[in-house]
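Report on the structure
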Amino acid sequence: MPKSKRNRTVTLSKTKKKGKDQREAVVNLIRNAIEDYSSIYVFSFENMRNTKFKELREQLKTSSRFFLGSNKVMQVSLGRTAADEIRPGVHKVSKFLHGNTGLFFTNLPTEEVLRMFETYEEHDFARTGSIATEKVELEEGPLTQFSHEMEPFLRQQGMPVRLNKGVVELVSDYVVCEEGKPISPEASRILRLLGVKMATFRLHLICRWASEDFEVYRELGLDHSDIESS
């Protein structure tokens, strides 16, 4: 039996699609930044940590500005070709916006920016699926770093543990993770409990544009020192 159109639910409140408006707002912000800052850099990132990145943004807010988001939107903002670029030569920057990349606008001297990006790193706990940088193995015996309340949780993570006179004890050697292999959800939790940090949040400069001056730091696996020496 066909459904009655009279029983159709009608929503009286109106909603406005924000996608297009948000994209246009980002485009305008980036184009304004082109006028406000002397240099534009493309950077890539690994093991992104939002909290750490927000701290870096705050530290540099008086001299610089970061943009992360849709690479396509950032490309449109700069211009993809010489015909639609905002400033002469700036379309070359958009060609490097692929994958985990962002834009960095700044008035800082080039030498200071290079030094800052080369030395910046923040260590953190590895997430599920990350590749272990070392083998972590626990030997059979008491685990005095854990209270007795932790014993059920550790067993849930696959660890062969028991309580012995109120002390958590491993009944056999246990490998938490193997170097070069993906970290399981259980291993990620155990590593956090052990205080073992295997992830390093880093930023890498790819290229720079400034008043028609353009240089590449990383391309096809090369960093700027390789390019300068070639």
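Here is a short report on the structure shown in this document. (Residues numbered from 1 in each chain as written. Predicted model: local features only at pLDDT ≥ 70, side-chain atom pairs only at ≥ 80, totals over all residues. Heavy atoms only, no water.)

Moving on, we come to the overall build of the protein chain. Of regular secondary structure, the protein chain possesses eight helices and 11 strands. By residue count, 38% of the 230 residues in the protein chain fall in the buried class. Summed over its atoms, the accessible surface of the protein chain is roughly 14500 Å², and 48% of this surface lies on carbon and sulfur atoms. (Helix = DSSP H or I, 4+ residues; strand = E, 2+ residues; numbered from the N terminus. Buried < 20%, exposed > 50% of the residue type's maximum accessible area, 1.4 Å probe, protein only. Areas by Shrake-Rupley, 256 points an atom, 1.4 Å probe, with all protein chains shown as cover.)

Next up on the list: the packing of helix 1 (residues 19–36) against helix 3 (residues 71–78). Between helix 1 and helix 3, the least distance of the axes is 9 Å, while the angle of their chain directions is 50°. Between helix 1 and helix 3, the crossing angle belongs to the class labelled oblique. Taken as a pair, helix 1 and helix 3 cross one another with a handedness that is right-handed. Contacts between helix 1 and helix 3 involve R23, V26, V27, I30, R31 and I34 from the former and V73, M74, V76, S77 and L78 from the latter. Here the contact of helix 1 with helix 3 is composed, by residue class, of eight nonpolar, one polar and two charged. (Axes fitted to C-alpha atoms, helices over the stretch in contact; angles between N-to-C directions. Parallel < 35°, antiparallel > 145°, perpendicular 65-115°, else oblique. Left-handed = near helix turned anticlockwise from the far one by under 90°. Contact = heavy atoms within 4.5 Å. Nonpolar A, V, L, I, M, F, W, Y, C, P; charged D, E, K, R; others polar.)

What follows concerns the environment of L138. If you trace the backbone, L138 turns up in strand 5 (residues 136–138). Residues contacting L138, with those up to four places away along its chain left out, are M159, L170, D173, Y174, V176 and L194.

The next thing to look at is the sheet that holds strand 6 (residues 141–142). Within the open sheet, the three strands sit side by side as 6-8-7. Their pairing is antiparallel. The sheet is open, and its two edges are formed by strand 6 and strand 7 (161–164), each paired on a single side. Pairing of strand 6 with strand 8 (residues 167–170) involves two bridges; the strand directions are antiparallel. Paired with P142 across the strands is E169, a residue of strand 8. (Pairing = 2+ DSSP bridges.)

The next point concerns the packing of aromatic side chains. Here the structure, examined in full by the defined rule, presents 13 aromatic pairs. Both rings, one in Y41 and one in F104, keep their centres 6.0 Å apart while their planes meet at 45°; by these two values the pair is tilted. Pair noted here: Y41 is in strand 1 (residues 39–46) and F104 is in strand 3 (residues 101–106), with a separation of 63 residues, a long-range link. Taking the relative accessible area as the measure of exposure, F104 reaches 0% and is therefore buried. Look at F43 and F66: their rings are 5.6 Å apart centre to centre, the planes differ by 90°, and that puts the pair in the edge-to-face class. Placement of the pair is F43 in strand 1 and F66 in strand 2 (residues 64–67), with a sequence separation of 23 residues. Each member of the pair, F43 as well as F66, carries the same accessibility label: buried. Site record: aromatic cluster; members linked through ring pairs are Y41, F43, F53, F66, F104, F117, Y120, F201 and Y217. (Phe/Tyr/Trp six-rings, centres within 6.5 Å; stacked < 30°, edge-to-face > 60°.)

Our focus in this paragraph is the pattern of salt bridges. Pairs can form between side chains of opposite charge once their charged atoms are near each other. Under the counting rule described, the total for this entry stands at nine salt bridges. Taking the shortest distance from any N to any O, the salt bridge between D213 and R208 comes out at 3.2 Å. For R208, a relative accessible area of 10% corresponds to the buried category. Put simply, R208, D213 and E215 are held in one network by salt bridges that share partners. (Salt bridge = Lys/Arg side-chain N within 4 Å of Asp/Glu carboxyl O.)

Our focus in this paragraph is the side chain of E151. Within the fold, E151 resides in helix 6 (residues 151–156). A polar side-chain atom of E151 sits 2.6 Å from a polar atom in the side chain of R155. Setting aside its immediate chain neighbours within four residues, E151 contacts V161, R162, L163 and V168. (Polar contact = N/O pair within 3.5 Å; in protein donor to acceptor, adjacent residues only side chain to side chain.)

So, about a positive patch on the surface. A contiguous patch of positive charge, built from K20, R23, K72 and R80, is present on the exposed surface. Residue position: R80 is located in the loop between helix 3 and helix 4 (91–94). (Patch = residues over 30% accessible without salt bridge, like charges linked within 9 Å, V, L, I, M, F, W, Y side chains within 5 Å. Lys, Arg positive; Asp, Glu negative; His and termini not counted. Charge placed at Lys NZ, Arg CZ, Asp CG, Glu CD.)

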